[in-house]
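Residues per chain, in single letters:
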Amino acid sequence: MAAFHVMTGASESLARPVVNRIGIADVFDALKRGLDDFKEKPSHYVFLCLMYPIAGIFLTLWTSGANLLPMVFPLMSGFVLIGPIAAIGLYEISRRREEGLDTSWTHALEVRHSPALPSIVAVGLMLFGLFVVWLVTAQTLYTNLLGEVFPRTMTDFTRQVFGTAGGLQLIIWGNLIGFVFALVVLAISVITFPLLLDRDVGAVAAVVTSIRATIANPVPVLLWGLIVAALLVIGTIPVFAGLALVIPILGHATWHLYRKLVAREIA
């Protein structure tokens, strides 16, 4: 029954939430509402998200120290693939603020009591699996184009990537393949986690609803994906410190985008 519950939700039948059509203005309104949520208690949310810049710095130091410089970019860009998982607690804060409940940062941990937790874990594992596949794909592409010996210094790595024909192919194909991965993850997770927090519909129904919302609103959802990617890149520039600001704003905004894309459940 536990596995069945993950698949179909509490009702034991495949739910089909109503998907709305939205416009570009709705995307920017969701972003504005997310910023408003963040402004309520910014210091709390920055503290909550400090783990992300710390993790970014650790990964960079680890890859550099282990002579894995070619994996720095795949690791950092791959954060977009698992970003929806990172913001789950923030969706819960926005949900509570919407209902007029206490929004102290500790309530971000209330997700562990959600009846949809098994479904959330299942989707999270799926996204993590895609992240691992992306890393393997990126490493395979690098070794096929530039060889199996990784450069030992940043200077050698930069010269190899920007000064050789193989490096140019790596840039082109790496970005194209990465875009495909990001597009797939965007479609299957743009509103999956907020939907599961709001309604225990099951992992399959949540993912299917996210895909339906993307198909019904290709331009707004693609714009949202570009905004997320751009802000995450900007957040990583100042030694990843900006992620402590970017992650909470995007997390809150995702909840409001969900509210626009999926019609409320009729009581």
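- In the nomenclature of an unreviewed UniProt entry, the protein corresponds to Putative membrane protein from the organism Rhizobium etli.

1. A look at the overall build of the protein
Next up, step 1: For the protein, the count of helices and strands is 14 helices and zero strands.
Next up, step 2: In the protein, the succession of α and β elements from N to C terminus is α-α-α-α-α-α-α-α-α-α-α-α-α-α.
Next up, step 3: Among the 267 residues that make up the protein, the fraction classed as buried is 48%.
Next up, step 4: Pairs at least 24 apart in sequence give 77% of the contacts found in the protein among residues at least 6 apart.
Next up, step 5: Accessible surface computed for the protein: about 13,100 Å², of which carbon and sulfur atoms make up 71%.

2. With respect to helix α2 (residues 24-40)
Next up, step 1: With 17 residues, α2 extends 25 Å between its outermost C-alpha atoms, agreeing within 8% with the 24 Å of an ideal straight helix rising 1.5 Å per residue.
Next up, step 2: Buried residues of α2: V27, A30, L31, G34, D37 and F38, and no others. Taken around the axis of α2, the buried residues stretch over an arc of 115°, which confines them to a single face. Relative to its buried face, α2 has exposed residues pointing more than 90 degrees away, namely A25 and K39.

3. Quick word on the packing of helix α13 (residues 218-236) against helix α14 (residues 243-261)
Next up, step 1: Following both chains from N to C, one finds α13 and α14 inclined at 165°, their axes separated by 8 Å at the closest point. With respect to α14, the axis of α13 lies roughly antiparallel. Remark: the crossing between α13 and α14 carries left-handed chirality. Taken together, the residues of α14 that come into contact with α13 (itself represented by W224, V228, L231, L232, G235 and T236) are L243, V246, I247, L250, A253, T254 and L257.
Next up, step 2: Grouping the constituent residues of the contact of α13 with α14 by class yields 10 nonpolar, three polar and no charged.

4. Some thoughts on the packing of helix α6 (residues 79-86) against helix α10 (residues 165-189)
Helix packing for two helices is described by the angle between their axes and how far apart those axes are.
Next up, step 1: The geometry of α6 relative to α10 is characterised by a closest axis approach of 9 Å and an angle of 20° between their N-to-C directions. The orientation of α6 relative to α10 falls into the category roughly parallel. Relative to α10, α6 is oriented so that their crossing is right-handed. Together, V80, L81 and P84 of α6 and F181, A182, V185 and S189 of α10 make up the contact between the two elements.
Next up, step 2: When the residues that make up the contact of α6 with α10 are grouped by side-chain class, the tally is six nonpolar, one polar and no charged.

Rules used in this analysis
- Residues numbered from 1 in each chain as written.
- Predicted model: local features only at pLDDT ≥ 70, side-chain atom pairs only at ≥ 80, totals over all residues.
- Heavy atoms only, no water.
- Helix = DSSP H or I, 4+ residues; strand = E, 2+ residues; numbered from the N terminus.
- Buried < 20%, exposed > 50% of the residue type's maximum accessible area, 1.4 Å probe, protein only.
- Contact = heavy atoms within 4.5 Å.
- Areas by Shrake-Rupley, 256 points an atom, 1.4 Å probe, with all protein chains shown as cover.
- Expected span 1.5 Å × (residues − 1).
- Arc of directions from axis to C-beta.
- Axes fitted to C-alpha atoms, helices over the stretch in contact; angles between N-to-C directions.
- Parallel < 35°, antiparallel > 145°, perpendicular 65-115°, else oblique.
- Left-handed = near helix turned anticlockwise from the far one by under 90°.
- Nonpolar A, V, L, I, M, F, W, Y, C, P; charged D, E, K, R; others polar.

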